[in-house]
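Chain residues, written in single-letter form:
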Amino acid sequence: AAAVISATLSGVDFSLHYYHGRERQPGYQLNLDPTGSLRLIPFYYGIDMVGINVEIPLSDFVFHLESAYKNMAGNTPRQHVIIFEDNETIPDSYFQFVPGVDYKIRHSGPQEIFVSLEYLAAPDPSSDLRNFRAFQNDLFLGGRFLFNNRLDSRIEAGVIKDLSSEETIFLAEANTKIYKEIRL
């Protein structure tokens, strides 16, 4: 179940979100398979989430803040088979926020090019998010190319760098409409 309320006041966009259900990103549990090999087993937490988003356009820039409180209390903790510093794979309820800015590069033609910079954070560095969980202290830099054609074609790419470790994630996506709202 989900609900969204949004409004625009003096050119600033606000939205309030509520979601109850399975989280989009999996948690991971350390486990041994029948052959004795160590495996990461994905599973999805149940959450109740309340989020607030604000977008402020200024010239070619859009400043935004996305924030969410995720209540994890309804989940049964899972234990890793291999014992380490914190053996439970489920974090406590937590708060995350993402401040960022998008910049629209001016050029001639119908296409639009955007560059985005965001900081993805959870304010409590001692939280259980550090175990098999992305987006606690990360920087995102990416771009978006919109063709503005009748097929609504676009290319998006970016990199997420964990500022606390050597981890880096590269993302790329291209899509276009192939029939009505069906996308490839």
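On a predicted model such as this, the values are computed, not experimentally measured, just so you know.

Chemist: Break down the packing of aromatic side chains for me, citing the residues and quoting the values.
Modeler: This structure, assessed with the given rule, holds six aromatic pairs. Judged by centre distance (5.1 Å) and plane angle (90 degrees), the rings of F43 and Y45 are edge-to-face. Each member of the pair, F43 as well as Y45, is classed as buried. Note on F61 and F63: the rings are 6.0 Å apart at their centroids and 20 degrees apart in plane angle, and the pair reads as stacked. A residue is classified by how much of its surface remains accessible, and F63, at 37% relative accessible area, is partly exposed. Here the aromatic cluster, defined as three or more aromatic residues joined through ring pairs, consists of F61, F63 and Y103. The side chain of R144 reaches across the aromatic face of F114, ending 4.6 Å from its centre.

Chemist: Got a sec to walk through the sheet that holds strand β1 (residues 2-9)? Specific residues and values, please.
Modeler: Taking strand neighbours across the sheet as the criterion, the nine strands line up as β1-β2-β5-β6-β7-β8-β9-β10-β11 in an open arrangement whose pairing is antiparallel. Whereas interior strands pair on both sides, the edge strands pair on one side only; in this sheet they are β1 and β11 (168-175). Between one strand and the next, the sheet's axes are offset by a mean angle of 15 degrees, whatever the strand orientation. For strand β10 (residues 154-162) and β11, the ladder comprises eight bridges, and the chain directions are antiparallel. From the neighbouring strand, E156 faces β11, where its bridge partner is E173.

Analysis parameters
- Just so you know, the residues in each chain are numbered from 1, in the order the chain's sequence is written.
- This being a predicted model, a pLDDT of at least 70 is required before a residue's local features are given, and a value of 80 or more before pairs of side-chain atoms are given or counted; all residues contribute to the totals for chains, interfaces and linings.
- Working from all heavy atoms in the structure, the side-chain values ignore hydrogens and water.
- Any pair of Phe, Tyr and Trp rings, taking the six-membered ring for Trp, is counted once the centres come within 6.5 Å. Such a pair is stacked with planes under 30 degrees apart, edge-to-face with planes over 60 apart, and tilted for the rest.
- Only protein chains enter the area calculation, which uses a 1.4 Å probe; residues under 20% of their type maximum are buried, those over 50% are exposed, and those in between are partly exposed.
- Here, a charge over a ring means that NZ of Lys or CZ of Arg falls within 6 Å of the ring centre while also lying within 35 degrees of the ring normal.
- DSSP bridges decide pairing: two strands pair if at least two such bridges lie between them.
- Each helix is a run of H or I in the DSSP string that is no shorter than four residues. Each strand is a run of E no shorter than two, and both are numbered from the N terminus.
- Fitted lines through C-alpha atoms give the axes, limited to the stretch in contact for helices. The angle between two N-to-C directions lies from 0 to 180 degrees.

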